[in-house]
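Understanding the architecture of this molecule
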Amino acid sequence: MGAADSDATRPLRRDAVRNRERVLVAAGRLVAEHGVDVSMEQIAQEAGLGIGTLYRRFPNKDALVDALVEAFVEQVVDAGRSLLVRDEGTGLEDFLREAGRSLSEQRGCLPRLWHPSRATPATREARVVVGALLAQAQEHGRVEPGIAVGDVFVLLWALRGIIETTGELAPGAWERHLDLHLAGLRCRPLPTTRPPVSLDQIAHLAPPGA
């Protein structure tokens, strides 16, 4: 391919990236409000694009929702990384609150989060980031040493369930639940001797996305 041909195709690549972002933003708004049953035609209209352009970016709705969920998980993981840099010991608590807010804003995507078929680099990175945040909190004495990464992910799954169940009727219910659990994470000694969910079990049950 010559230089002229390369120059001619470069704007199309930019347009493709721009269109993909427009689709994801539009889909995010609609799915958050109406759930994953929203149609591709509605998403195309919200994005201001033709249905053909939409299908060139995403061959079907499953692919679009998967991309939307992956973008959501990456956003939550990035937030966790930024909290690690502070090294004040409060990063895990702040991460859980940020994850809860994000889950609450994206209720329409909740059925597709933490699904066994969704093992991606972002979900695997989430385990690493949460483990580091937990270790940091324990070093600062803000979390009991017996708490495991599996305990944190079970808490995230619980938050997802509360948000999905309460919906708009009691949108703040997850915050009270989190407050109670954070108090439990600080409890010394731990009020249980039962083993936590292991990392191997987490990977097989449902790859984490927050």
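Here the structure is a predicted model, which is why all the values come from computation and not from measurement.

1. Regarding the overall build of the protein chain
- Secondary structure assignment for the protein chain yields nine helices and zero strands.
- Mapped from its N terminus to its C terminus, the protein chain presents α and β elements in the order α-α-α-α-α-α-α-α-α.
- Buried residues in the protein chain amount to 40% of all 210 residues.
- When contacts within the protein chain are restricted to residue pairs at least 6 apart in sequence, long-range pairs at least 24 apart make up 74% of them.
- Put simply, the protein chain shows about 11100 Å² of open surface, and 53% of that area lies on carbon and sulfur atoms.

2. Looking at the packing of helix α4 (residues 61-86) against helix α5 (residues 91-105)
- Two numbers describe how α4 lies on α5: the axes approach to 9 Å, and their chain directions differ by 160°. The angle between α4 and α5 falls in the class roughly antiparallel. Note that α4 runs across α5; the crossing there is right-handed. Residue-level inspection shows Phe72, Val76, Ala79, Gly80, Leu83 and Arg86 of α4 in contact with α5, the latter providing Gly91, Asp94, Phe95, Glu98, Ala99, Ser102 and Leu103.

3. Quick look at the environment of Glu21
- Relative to the assigned elements, Glu21 resides in helix α1 (residues 3-34).
- Residues Glu21 and Arg57, 36 residues apart in the sequence, show an inter-C-alpha distance of 9.9 Å.

4. A few points about the packing of helix α7 (residues 149-166) against helix α8 (residues 173-185)
- The geometry of α7 relative to α8 is characterised by a closest axis approach of 9 Å and an angle of 155° between their N-to-C directions. For the element pair α7 / α8, the angle class is roughly antiparallel. Crossing geometry of α7 relative to α8 is assigned as right-handed. For the pair formed by α7 and α8, the contact residues are Leu155, Ala158, Leu159, Ile162, Ile163 and Thr166 on the first element and Ala173, Trp174, His177, Leu178 and His181 on the second.
- A class-by-class count of the residues in the contact of α7 with α8 yields eight nonpolar, three polar and no charged.

5. Observations regarding α7
- For α7, built from 18 residues, the straight-helix expectation of 26 Å at 1.5 Å per residue is met to within 8% by its first-to-last C-alpha distance of 26 Å.
- Listed as buried for α7 are Val149, Gly150, Val152, Phe153, Leu155, Leu156, Leu159, Arg160, Ile162 and Ile163.
- Note on α7: the residue one or two positions beyond its end, Gly167, has a positive phi of about 55°.

6. Some details on the nonpolar core
- Core analysis: the largest hydrophobic core is formed by 34 residues, its most contacted members being Leu92, Phe95, Leu96, Leu134, Val143 and Leu178.
- Breaking this core down by element, the ones donating at least two residues are α4, α5, α6 (121-139), α7 and α8.
- Here this core takes eight residues from α7, the largest share from any one element.
- What Leu134 contacts, discounting residues up to four positions off in sequence, is Leu92, Val143, Ile147, Ala148, Val149 and Val152.

7. A look at unusual backbone geometry
- With an omega of -5°, the peptide bond between Arg188 and Pro189 qualifies as cis.
- Relative to the helices and strands, Pro189 is located in the loop between α8 and α9 (199-205).

8. Observations regarding helix α2 (residues 40-47)
- Every buried residue of α2 is listed here: Met40, Ile43, Ala44 and Ala47. Projected onto a plane normal to the axis of α2, the buried residues spread over an arc of 100° and lie on a single side.
- Positive backbone phi, approximately 75°, marks Gly48, located one or two places after α2.

9. Overview of the pattern of salt bridges
- This structure, assessed with the given rule, holds 11 salt bridges.
- The closest approach of N and O atoms between Arg81 and Glu125, which form a salt bridge, is 3.5 Å. Placement of Arg81 in helix α4 and of Glu125 in helix α6 is noted, with a sequence separation of 44 residues between them.
- On the basis of relative accessible area, Arg81 is assigned to the partly exposed category, the value being 36%.
- Each member of the salt-bridge network shares a partner with another, and the members are Asp78, Arg81 and Glu125.

Analysis parameters
Residues numbered from 1 in each chain as written. Predicted model: local features only at pLDDT ≥ 70, side-chain atom pairs only at ≥ 80, totals over all residues. Heavy atoms only, no water. Helix = DSSP H or I, 4+ residues; strand = E, 2+ residues; numbered from the N terminus. Buried < 20%, exposed > 50% of the residue type's maximum accessible area, 1.4 Å probe, protein only. Contact = heavy atoms within 4.5 Å. Areas by Shrake-Rupley, 256 points an atom, 1.4 Å probe, with all protein chains shown as cover. Axes fitted to C-alpha atoms, helices over the stretch in contact; angles between N-to-C directions. Parallel < 35°, antiparallel > 145°, perpendicular 65-115°, else oblique. Left-handed = near helix turned anticlockwise from the far one by under 90°. Nonpolar A, V, L, I, M, F, W, Y, C, P; charged D, E, K, R; others polar. Expected span 1.5 Å × (residues − 1). Core = buried A, V, L, I, M, F, W, Y, C linked by side-chain atoms within 4.5 Å. Arc of directions from axis to C-beta. Salt bridge = Lys/Arg side-chain N within 4 Å of Asp/Glu carboxyl O.

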